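# Understanding the architecture of this molecule
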Amino acid sequence: MTAPAWLEVLDEALDACRTHGRADLVQRLRRRRDRAPGGTRIAVLGFAKQGKGNLVNAVLNAPVCAVGDAATPAVPVEVGYAAEPGATLVGRADERIPVPVERLTGEVGARPAGSLRRVEVGVPRDLLSAGLVLVDTPAVGDPRSPRTAAALDVLAEADAVVLVSDATTVLGAAELALAHHVRTWCPHVVVALTKIDACPGWRAVAERNRAALSESGIDAAVLPVSSTVRFAAAKAGDQELNTRSGFPELLGWIAGQVSRPPENRSALVAAVSVRAAAAELVEALRLRAEEAGQEVGVDQATLLNRAQRRADELRRRNGRWQNLLSDEIADLQSDAEYDLRERTRRIVETIDETFDRGDPVKVWDEFGPWLDRALAEAVETTYTFTAERAEWIAQAVAATFGVQYDLDRVTPPESGADRIAEVRQPRIERFKIGQKAFTGLRGSYGGVLMFGLVTGLAGLPLINPISLGAGVAFAAKTISDEGGMRRQRRQAVAKMTAQRHVDDVFLRFSKECRDAIRHVQRKLRDHFTALAEDLADELARERETIIAGSAERERRTARLRREIDRLAGLHQRAGELGLRAGRAPKELSA
């Protein structure tokens, strides 16, 4: 049995889409090819709150679709013929779950998001008995929304589309864009202008919609309808009221779609799908061909001059980033040393203040741990400052170099603040009891002798109460003076010990800080030198490619042109196929 002509064209389009990596077009065309013959699928599309559900219910004179405040399904609802009303939930794995029609809305809402593929509803209506399936789609909205994706996915199997827009406003840019997309992929489209019963100016809106569609090159009729009037006419059995609802004209359009011969319908939708896919492929290839043509249009000398300018710019950048790195590293070394010196100087000032007021014998136990903590904090703070400044230098050099800075975070080695030796307590001479007693006796001797001689002139003996009191006073004064001098000596020894320890820490860690900065400098220098060498190699390869690549670019452009011509021929064949199936196509120029 010979395969129909439209199937051959469709298979060729599928191969072209695979060749050019368009998996989305492959899937859509495959669904067109694999669709079971017979039956007519009419999709009902539109944005939210336009009356899609009411329209489907009014067409069937049955409350099949959720309307109003009821939660509308996020998947398509396919309404077909059945002897008895029934509904089936179809899951992602094609599992089928029958549910009563009256509980359909609740059952759909109770399912987890993304668990359903579609909902199938069967109702006993003569309109559907000839194989017609009406597909109520989720509301179109945000292009990234799963609802929008589910609605547009229906186009892959639709024979015709009813685009719903209410009469409150004329078609906007988004609705016109949707109509253009639908018309590109579907051969028959009609715009149903709903809610005319609530909008006295619907006739003007209908004319403006027709004009907008015509200006946009969209072949689609505008049919004003009112679902409310349709329901009222059905309830009252009023044929005149039904005519005023506008539905007889819409039903006539639907009947026209159902009456088309199945083979012609399949050929027509295949032709339209192939032309749409070919148009997308040709547009992408044209852009690539234009870019390639622009490259071919630039002569070899111009490209070589451009490469030479890039090489000169690279040399200038090399000089700039090397000078910047050298200057910033020198500044960082100076600033880091000054920072550490300033912090240790404040520590020395605190040492002087502490021992000017306190006795080392009493305060050393508290002073020693404080000094260790203060020095560790000073060293750690200086190293943190150095690390942050090093990172800034790296970013500045990268900006001057002109490439993306891709080196890992630049950090100097660990500060080693936790390895600072504890300050050693100096040998502190205490003023013991025996020393105080000896010093007091030595001082009291002069007082007893002096006042004993003076009071001896008055006839008193050498040892008398007055001379003894003077001896005691002189002894106390001597002990006090000696204690003060000993305290001063202890303070001086403690100051000298603490300051020597601070100097030792400063000398050690200023040296380590300079070494850490030089480590950062070497790391940055090696990294950016390697980048410069890579860019130089790339420029050299580019120069070689320019010299040898003109012919290859011309061959590539020629291949693109041949592929465009082939796809344009496929587009033309699909157009002829559609013309034979009953629709005059638009041409696509090569």
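Per chain, the residues get numbers from 1 upward, laid out in the order the sequence is written. In view of the model being predicted, local features appear only for residues whose pLDDT reaches at least 70, and side-chain atom pairs are presented and counted only at 80 or more, with totals across whole chains, interfaces and linings using the full set of residues. As a rule here, side-chain values cover all heavy atoms of the structure and leave hydrogens and water aside.

By the naming in an unreviewed UniProt entry, the chain goes by Dynamin family protein and is assigned to Amycolatopsis sulphurea.

## Details of the overall build of the chain
Secondary structure follows DSSP: runs of H or I at least 4 residues long count as helices, runs of E at least 2 residues long count as strands, and numbering of each begins at the N terminus. The helix and strand inventory of the chain stands at 15 helices and nine strands. With a 1.4 Å probe rolled over the protein chains alone, any residue whose accessible area is under 20% of its type maximum counts as buried; one over 50% counts as exposed, and the rest are partly exposed. Taken across its 590 residues, the chain has 44% of its residues classed as buried. When contacts within the chain are restricted to residue pairs at least 6 apart in sequence, long-range pairs at least 24 apart make up 79% of them. Working note: accessible area of the chain is about 31100 Å², and carbon and sulfur atoms make up 54% of it. Any pair of residues with heavy atoms lying within 4.5 Å of one another is described as a contacting pair. Here the open area of atoms and residues is found with the Shrake-Rupley method and a 1.4 Å probe, where only the protein chains shown may cover a residue.

## Section: the layout of surface pockets
Within this model, the largest pocket holds a volume of roughly 840 Å³. Whether a set of points on the 1 Å grid over the protein atoms alone is a cavity depends on a 1.4 Å probe fitting there but being unable to get out, while an open set qualifies as a pocket with protein on both sides within 12 Å along at least five of seven lines; lining residues are those with an atom within 4 Å of a point. Forming the boundary of the largest pocket are 34 residues, of which Val75, Pro76, Arg92, Arg117 and Arg118 lie nearest the centre. Among the secondary structure elements, those contributing two or more residues to the lining of the largest pocket are helix H2 (23-34), helix H4 (104-110), strand S5 (116-123) and helix H5 (146-153). Among the elements that line the lining of the largest pocket, the one with the most residues is H5, at five residues. Grid points are joined across faces, edges and corners, and a volume is the space filled by probe spheres set on the points.

## Some words on the nonpolar core
Core analysis: the largest hydrophobic core is formed by 38 residues, its most contacted members being Leu55, Leu60, Val121, Val162, Leu250 and Ile254. Here this core gets six residues from one element, more than from any other, and that element is helix H10 (residues 247-258). Every residue in contact with Val121, bar those within four places of it in the chain, is listed here: Val64, Val77, Glu78, Val79, Gly80, Gly86, Ala87 and Leu104. Counting residues in each nonpolar core, the second largest holds 35 residues, with Leu340, Ala398, Ala494 and Phe528 among its members. Residues belong to a common nonpolar core when they are buried Ala, Val, Leu, Ile, Met, Phe, Trp, Tyr or Cys residues joined through side-chain atoms within 4.5 Å.

## What about the packing of aromatic side chains?
Stacked, tilted and edge-to-face are the three classes assigned to paired rings of Phe, Tyr and Trp, where Trp is represented by its six-membered ring and a pair needs centres within 6.5 Å; plane angles under 30 degrees give stacked, over 60 edge-to-face, the rest tilted. Under the definition given, this model contains two aromatic pairs. Ring geometry for Phe355 against Phe367: centres 4.7 Å apart, planes inclined by 65°, an arrangement best described as edge-to-face. On the criterion of sequence distance, the pair formed by Phe355 in helix H12 (residues 300-357) and Phe367 in helix H13 (residues 360-401) is long-range, its members being twelve residues apart. Residue classification places Phe355 among the buried positions, given a relative accessible area of 0%. Assessed through its relative accessible area of 4%, Phe367 is described here as buried. Taken together, a centroid distance of 5.8 Å and an interplanar angle of 40° make the contact between Phe367 and Trp370 tilted. On the criterion of helical spacing, the pair formed by Phe367 and Trp370 is a turn pair, its members being three residues apart in helix H13. For Trp370, a relative accessible area of 28% translates into the label partly exposed. Linked through ring pairs, Phe355, Phe367 and Trp370 together constitute an aromatic cluster.

## Structural notes on the packing of helix H3 (residues 52-60) against helix H8 (residues 227-236)
Between H3 and H8, whose axes approach to 9 Å, the crossing angle comes to 25°. Taken together, the axes of H3 and H8 are roughly parallel relative to one another. The way H3 lies across H8 gives a crossing that is left-handed. Where H3 abuts H8, its residues Asn54, Leu55, Asn57, Ala58 and Val59 lie against Ser227, Arg230 and Phe231. Split by residue class, the contact of H3 with H8 holds four nonpolar, three polar and one charged. Only the contacting stretch of a helix is used when fitting its axis, a line to C-alpha atoms as for every element, and angles between N-to-C directions run 0 to 180 degrees. When describing relative orientation, an angle under 35 degrees is termed roughly parallel and one over 145 degrees roughly antiparallel, while 65 to 115 degrees is termed roughly perpendicular and anything else oblique. When the near helix sits turned anticlockwise from the far one by under a right angle, the crossing is termed left-handed; a clockwise turn instead gives a right-handed crossing. Any residue outside Ala, Val, Leu, Ile, Met, Phe, Trp, Tyr, Cys, Pro, Asp, Glu, Lys and Arg is labelled polar, Gly included; the first ten of those are nonpolar and the last four are charged.

## Comments concerning empty space enclosed by the protein
What the rule picks out here adds up to three cavities of 30 Å³ or more. Size it by volume and the largest cavity reaches roughly 40 Å³. If you go around the largest cavity, the residues you meet are Gln333, Ala336, Glu337, Leu340, Ser510, Cys513, Arg514 and Ile517. A per-class count over the lining of the largest cavity returns four nonpolar, two polar and two charged.

## Some words on the sheet that holds strand S7 (residues 160-166)
Spatially, nine strands are ordered S4-S3-S5-S2-S6-S1-S7-S8-S9 in an open sheet, and the strand pairing comes out mixed. Looking at which strands have only one partner, the edges of the open sheet turn out to be strand S4 (96-99) and strand S9 (221-224). Going from strand to strand, the sheet's axes swing by 25° on average, the running direction of each strand aside. In this fold helix H7 (residues 202-215) packs onto strand S8 (188-194) and S9, with an angle of close to 165° to the strand it touches most, S9. Should DSSP find at least two bridges between two strands, the strands are taken to pair.

## Points about the pattern of salt bridges
Should a side-chain nitrogen of Lys or Arg be within 4 Å of a carboxyl oxygen of Asp or Glu, the pair is scored as a salt bridge. By the definition in use, this model includes 34 salt bridges. Two residues, Arg144 and Asp142, come together in a salt bridge whose shortest N-O distance is 3.4 Å. Judged by relative accessible area, Arg144 falls into the exposed class, the value being 73%. For Asp142, a relative accessible area of 37% puts it in the partly exposed group.

## Considering the side chain of Ser227
Within the element layout of this structure, Ser227 appears in helix H8. We classify Ser227 as buried; its relative accessible area is 9%. In contact with Ser227, other than residues within four places in its own chain, are Asn54, Leu55, Ala58 and Phe247.

## Observations regarding unusual backbone geometry
Unusually for a residue other than glycine, Lys49 sits at a positive phi of about 60°. Here Lys49 is to be found in the loop between strand S1 (40-46) and H3. Of note, the phi angle at Lys195 is positive, near 65°, even though the residue is not glycine. Position of Lys195 among the secondary structure elements: in the loop between S8 and H7.

## Side note on a negative patch on the surface
Patch rule: a residue counts if its relative accessible area is over 30% and it has no salt bridge; like charges are joined within 9 Å, and nonpolar side chains (Val, Leu, Ile, Met, Phe, Trp, Tyr) within 5 Å. Neither His nor the chain ends contribute to the count of charged residues, in which Lys and Arg are positive and Asp and Glu negative. For the purpose of locating charges, the reference atoms are NZ of Lys, CZ of Arg, CG of Asp and CD of Glu. Taken together, the side chains of Glu533, Asp534, Asp537 and Glu538 present a region of like negative charge at the surface. A residue is classified by how much of its surface remains accessible, and Asp537, at 41% relative accessible area, is partly exposed.

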